[in-house]
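# Chain and residue survey
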Amino acid sequence: MKKLHIISLLIIASSITGSCNKDFLDRESKTTIPEDKIFNDPALIQLFVNNIYADVPSFDHDLYDNITDESRNFWGGAPRNVVQGQWFADNNPMDYWAYEAVRRTNMFLTKVDGSVLEDDEKASLTGQVKFLRAKLYFDMVKRYGGVPIITEPQDLDDDLFVKRATTDESFEFIIKEIEEAIDLLPETYGDRSVDVGKINKHSAKAFLGRVWLFRASPLYNPGNEVSRWETAAAVNKEVIESDVYRLHNDFRRIMLDKNNEEEIFSVQFLKTLREHGWDSWAMPDSRSRQDASRRSPVQEFVDAFEMKNGKSINDPTSGYDPADPYVNRDPRFDATLIVNGSVFGFQGLPVYTYVGGTDGINIPYQTVTGYLMRKGTDEANQDYYGGSGSDQNWIELRFAEVLLNYAEAKNEALAAPDQTVYDAVEKIRERAGLNPYQLPAGLTKEQMREKIRHERYIELSFEQKRYWDLRRWKTAVSVLNGKQFGAMYITKHDNGSYTYEVKPVDGVPCVFQEKMYFMPIPQRELEKNPELIQNDDW
């Protein structure tokens, strides 16, 4: 009889499951459970689905934010290798060949029809698992392009040498899966904390809007088929007009006010049951407990924040003062960044990153740019330690992204932006506290494109969005390759004043070659499956 290993059952009852009955909780713990028992026991079926949810990626220790124009860190390792172009088919830190997880979804979808579940629960769980399978495939396709489409649990007597589908075929499969999931899913589970941790009809549609945006983008749409942009705009518009989601009123607290009205789909955390190290990783080393300083924002990112009046710091009328560079900036500046003199943490003390300061630049384990990241940290948390002690939800998708997804798709579908494009972007700028928040009237399509991309850079920073944006826009070569990003060296003088000098942080230029837009198929998979064809130039 086949056995299934049930691992990593990281379940939060308030977000993903209902309570289990006492008889189930009293069962003897086992590491293997026969298939027939799983699909003949509603509680075991739910645990099986929860285990699939546990495969959804969440907080990243230090990779994706440190390989773009967002940040760097002292620690080196995988991020440094990626920045320097030292990643290959047999050594890619960004690999995501998720067929073990896919097999679990395939097993469920093969067995669920014959299970003991009532029809309503069967439909809901089928919709959830079809969505989760689609997301697994999406996270592979955005890396590799077309991948093998496997929808049945394979056994040793099956044909294991499955060819790659094309990129278009792979997207078509993903879209069909999500559309079928939407038809099966309920609109709500009756509780917001469940609705953001457990996929429903509205959150699935919002994710479909993201998928269509990627499919319409230059990397996956080399012929620039306008109909893809139109569909992406239409799907995201449906989500906006459903009035299910709204922008949270406080940008600083989006990650802290759990299950708020802006959250669409989140990986749920709760102290003692499931924790992460987001607060620990943000600490300056003087306050570290086994980890610190994982994100040091680069000067280019810092400079991208406008002034509070909505003007670029390069605009001579903006009021920017290079001798006092951190005042009167976009309010998201202080909500995102720790700069020299920022008060941070439960201690209520300033962080000094000037040369020779307590947490000064280029001291071992400290900031390498003169900045640290504040975004999403719980400054009241006194329990942080290494990779634990924090329990903010990982917000995989939120309403601000839907607005920006709509604005981008609609702008690209038109000859020039209409008022709905302005409205979507300006809602985010208004929430941010810019005054005035309005964009200049009469922007061309190209000008609006840059405004939208800039807004994504600021609004969605440190949410694992930037790297994939640069790839899908096919701007990574121009933005990253050959560049040395900046660090701010601050000198404190005897009279208490500071002077500022920008110097390179990377030491060597960043490397992003044309071939890197599609990652190499993992070498180990090529050796297993002779039908797999490697991506060009790898």
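Scroll up for the structure.
An account of the accompanying structure is given in this report. (Residues numbered from 1 in each chain as written. Predicted model: local features only at pLDDT ≥ 70, side-chain atom pairs only at ≥ 80, totals over all residues. Heavy atoms only, no water.)

Here we take up empty space enclosed by the protein. Tallied over the entire structure, the rule returns five cavities of 30 Å³ or more. What the largest cavity holds in volume is close to 130 Å³. In this structure, the largest cavity is lined by F251, R252, I254, M255, A335, K375, G376, N393, W394, I395, R398 and E463. For the lining of the largest cavity, the per-class residue count stands at six nonpolar, two polar and four charged. (1 Å grid on protein atoms, 1.4 Å probe; cavity = no way out; pocket = protein on both sides within 12 Å on 5 of 7 lines; lining within 4 Å. Points joined across faces, edges and corners; volume = space filled by probe spheres on them. Nonpolar A, V, L, I, M, F, W, Y, C, P; charged D, E, K, R; others polar.)

With that out of the way, let us pick up helix α9 (residues 201–216). The end-to-end C-alpha distance of α9, which contains 16 residues, comes to 23 Å, matching closely the 22 Å that a straight helix rising 1.5 Å per residue would cover. Most of α9 sits inside the fold, with 14 of its 16 residues counted as buried. Where α9 begins, the side chain of N200 points an oxygen toward the backbone nitrogen of H202, at a separation of 3.0 Å. (Helix = DSSP H or I, 4+ residues; strand = E, 2+ residues; numbered from the N terminus. Expected span 1.5 Å × (residues − 1). Buried < 20%, exposed > 50% of the residue type's maximum accessible area, 1.4 Å probe, protein only. Polar contact = N/O pair within 3.5 Å; in protein donor to acceptor, adjacent residues only side chain to side chain.)

Inspection of every chain in the model, using the stated rule, returns 45 salt bridges. Ionic pairing is found between K142 and D139, a salt bridge with its closest N-O pair at 3.5 Å. Note that K142 and D139 are positioned in helix α6 (residues 119–144) at a spacing of three residues, about one turn of the helix. Each member of the pair, K142 as well as D139, carries the same accessibility label: buried. Here D469 makes a salt bridge to R472, at a shortest N to O gap of 3.0 Å. Of this pair, D469 and R472 both sit in helix α17 (residues 466–472), three residues apart, roughly one helical turn. In this structure, D469 and R472 share a single accessibility class: buried. (Salt bridge = Lys/Arg side-chain N within 4 Å of Asp/Glu carboxyl O.)

By the secondary structure assignment, Q366 is in the loop between β8 (349–351) and β9 (372–373). In terms of polar contacts, Q366 uses its side chain to reach the backbone carbonyl oxygen of T358, at 3.5 Å. At 2.6 Å, the side chain of Q366 and the side chain of D359 are in polar contact. In this view, Q366 contacts F74, P284, D285, S286, S293, T358, D359 and G360; residues no more than four positions away in its chain are not counted. (Contact = heavy atoms within 4.5 Å.)

What follows deals with the pairing of strand β10 (residues 394–398). Most of β10 sits inside the fold, with five of its five residues counted as buried. Summarising the sheet, strand β4 (residues 263–267) and β10 pair through four bridges and their orientation is antiparallel. For E263, the partnering residue across the bridge sits in β10 and is R398. (Pairing = 2+ DSSP bridges.)

This brings us to unusual backbone geometry. Note that the residue after N435, namely P436, is joined by a cis bond; omega there is 5°. Within the element layout of this structure, P436 appears in the loop between α15 (419–432) and α16 (445–459). With phi around 60°, D243 is a residue other than glycine that occupies positive phi space. In this structure, T272 takes a positive phi of about 80° despite not being glycine. With respect to the helices and strands, the residue T272 is situated in the loop between β4 and α11 (278–282). Looking at T272, the relative accessible area reads 71%, which means it is exposed.

Let us look at the nonpolar core. Among the nonpolar cores identified, the biggest contains 141 residues, and F108 and I178 are the most heavily contacted of them. It is α6 that contributes the most residues to this core, 11 residues altogether. Setting aside anything within four residues of it in sequence, one finds F108 in contact with F39, I45, F48, V49, L125, T126 and V129. (Core = buried A, V, L, I, M, F, W, Y, C linked by side-chain atoms within 4.5 Å.)

So, on to the environment of L219. Tracing the sequence through the fold places L219 in the loop between α9 and α10 (226–241). In this structure L219 comes out as buried when scored by relative accessible area, which is 8%. It is 6.2 Å that separates the C-alpha atoms of L219 and W473, two residues lying 254 residues apart in sequence. In contact with L219, other than residues within four places in its own chain, are R471, R472, K474, Y517 and F518.

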